[in-house]
Amino acid sequence: MNNKKKLGFLILIICLSTIVVLAQNYDYHKEEGPAISWNGTQMFDARMLGAGGASFMASEFFRGAVNPALLPKEGKFNAGISLDYMSHEAFQYWGVNQGVTFKPSGLSGRHAGLSGLALSFSLKNIRLSAGWYLPSLLSLPDFNFEQTYWAYTGKFSGREDTFFAAAAVSWGSKLDIGIKIDYIHGKRNLEVNEYFKYYRRNGYPVDSHLLIHHSESHKLTCIVPTVGATFKLSSTWTLGAALVYPFKGNAERTLNRVFDNQFEPPISDTLTSTDRFYRPPRIQVGTLYTLNPRSTESKTKISIAFESAYVLWSGYEYIFFSEETPRDMRNCLVLAAGAEYGIYGRVKDFIIRAGYRFDPQPVRDPKFTLHTLTFGCGFRYGNLTTDIGFAYYIGPSDMLRQRHYIINGTIGIHL
């Protein structure tokens, strides 16, 4: 190859590399990012989900999972279970819209299953709670692109299972203090394959030969303490705050790659590593205002909650096989507002809810903010309660628009 051809080839490689780098700015997802929001989703509690995700609106079962100081004081035994259905979208990852293959509308994925199980009870002057919940789904939509002679497939799955234990005490009639310990056990798996396809000469169906196989397995563990407090200013107005400070955890990673062809033995290698795993600290501050008009036959109640959460993403690091992958993150101020109107009787209650959530994402380029509209309702008959929550996430952008939604149902018992 002469010098001119070498120079032309080098320029082509530089141009293609630049196109790939520019393409990575289109989407706010990263390889380690969650399905919807980097700041977490409220997919484990229908009541909180339907009221904008404000912690004061959490049900009696899952209050200890968000702010331990909110644990109920009635002295009852409460147990609840939640199920969710999620639809999430992503535009660009692992070669999709980065030059390998093109799908301008992006891709979507689905998830359905259990999302939370919790109980709370009182032991003398101490209120206790424990359980499990799913704060985030660590997955991207699967894809399967097939052409005449080539195919490109990807499977992406993952979740963050969080087990918690919480306790709260009252200091006088106005102040409550609580502490919670979360144990995060997350996992993320991916498999990307590239195939060479060919047609047999005798007319039989298409056959395929695997050329490139890439798979990763990530096991994530982390301990996250939370300290919370609430202060009752009056019979109708309450303030609350919580400090979440995760400890540095571990990420056990396994990487496997195979390069094959029809004529030579395959080339494969497997790498393992144990890296540091980060979750950002956050500070939550909220307030609840309750209005209780008197009624002779039924009791109605209006509750309005506002909450802000400041998430410190600027110190975030992503360590991949002992090397830090650049992640230029910004701190985020998440705002939530929710309201509910309830009609309460001796045997049964009925509640409707609505809310809004302003959720800026920590990725600087592109700047991306999720606007979430939420709705919900609840019904109690005797000791049994049923709640349904719906959240619709709107992500406008100059380059793309993404839509996500979550439907959650929570069933509980009060004894």
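Everything below is about the structure shown above.
Structure report, in brief. Quantities reported herein were computed from a predicted structural model and do not represent experimental measurements.

The subject of this paragraph is the pattern of salt bridges. Considering all chains together, one arrives at 14 salt bridges under this definition. A salt bridge links Asp 349 to Arg 380, with the shortest nitrogen-to-oxygen separation between them at 2.5 Å. Of the two residues, Asp 349 sits in strand S16 (residues 348-360) while Arg 380 sits in strand S17 (residues 369-381), which places them 31 residues apart along the sequence. The exposure class assigned to Asp 349 is buried, which follows from its relative accessible area of 9%. Taken together, the shared-partner salt bridges connect Arg 47, Glu 340, Arg 353 and Asp 387 into one network.

Turning our eyes to something else, we now look at unusual backbone geometry. Residue Pro 366 is reached from Asp 365 by a cis peptide bond, and omega for that bond is 5°. Although it is not a glycine, Lys 124 sits at a positive phi angle of roughly 60°. Among the secondary structure elements, Lys 124 is positioned in the loop between strand S2 (107-123) and strand S3 (126-137). Residue classification places Lys 124 among the exposed residues on the basis of a relative accessible area of 82%. Here Ser 322, not a glycine, exhibits a phi torsion of approximately 70°, which is positive. For Ser 322, the location among the structural elements is in the loop between strand S13 (318-320) and strand S14 (323-325).

It is worth spelling out the pairing of S2 at this point. For strand S1 (residues 78-90) and S2, the ladder comprises 13 bridges, and the chain directions are antiparallel. Looking across to S2, one finds that Gly 80 is bridged to Ala 118. Taken together, the eight bridges between S2 and S3 define a ladder with antiparallel strand orientation. Pairing of Ser 120 across the sheet is with Ser 129, part of S3.

A few words now on the packing of aromatic side chains. Counted by the stated rule, this structure contains 18 aromatic pairs. An angle of 45° between the planes, with centres 6.0 Å apart, marks the rings of Tyr 93 and Phe 143 as tilted. Highlighted residues: Tyr 93 in the loop between S1 and S2 and Phe 143 in strand S4 (residues 143-146), separated in sequence by 50 residues. For Tyr 93, a relative accessible area of 6% gives the class buried. With centroids separated by 5.4 Å and ring planes inclined at 90°, the aromatic side chains of Tyr 93 and Phe 156 adopt a geometry described as edge-to-face. Taken together, the residues Tyr 93 in the loop between S1 and S2 and Phe 156 in strand S5 (residues 150-171) connect sequence positions 63 residues apart. Of the two residues, Tyr 93 and Phe 156, neither departs from the other in class, the shared state being buried. Following the ring pairs from residue to residue traces out a cluster consisting of Tyr 93, Trp 94, Phe 143, Phe 145, Trp 150, Tyr 152 and Phe 156.

Conventions we followed
- Residues numbered from 1 in each chain as written.
- Predicted model: local features only at pLDDT ≥ 70, side-chain atom pairs only at ≥ 80, totals over all residues.
- Heavy atoms only, no water.
- Salt bridge = Lys/Arg side-chain N within 4 Å of Asp/Glu carboxyl O.
- Helix = DSSP H or I, 4+ residues; strand = E, 2+ residues; numbered from the N terminus.
- Buried < 20%, exposed > 50% of the residue type's maximum accessible area, 1.4 Å probe, protein only.
- Pairing = 2+ DSSP bridges.
- Phe/Tyr/Trp six-rings, centres within 6.5 Å; stacked < 30°, edge-to-face > 60°.

Just distances and angles here, no functional claims.
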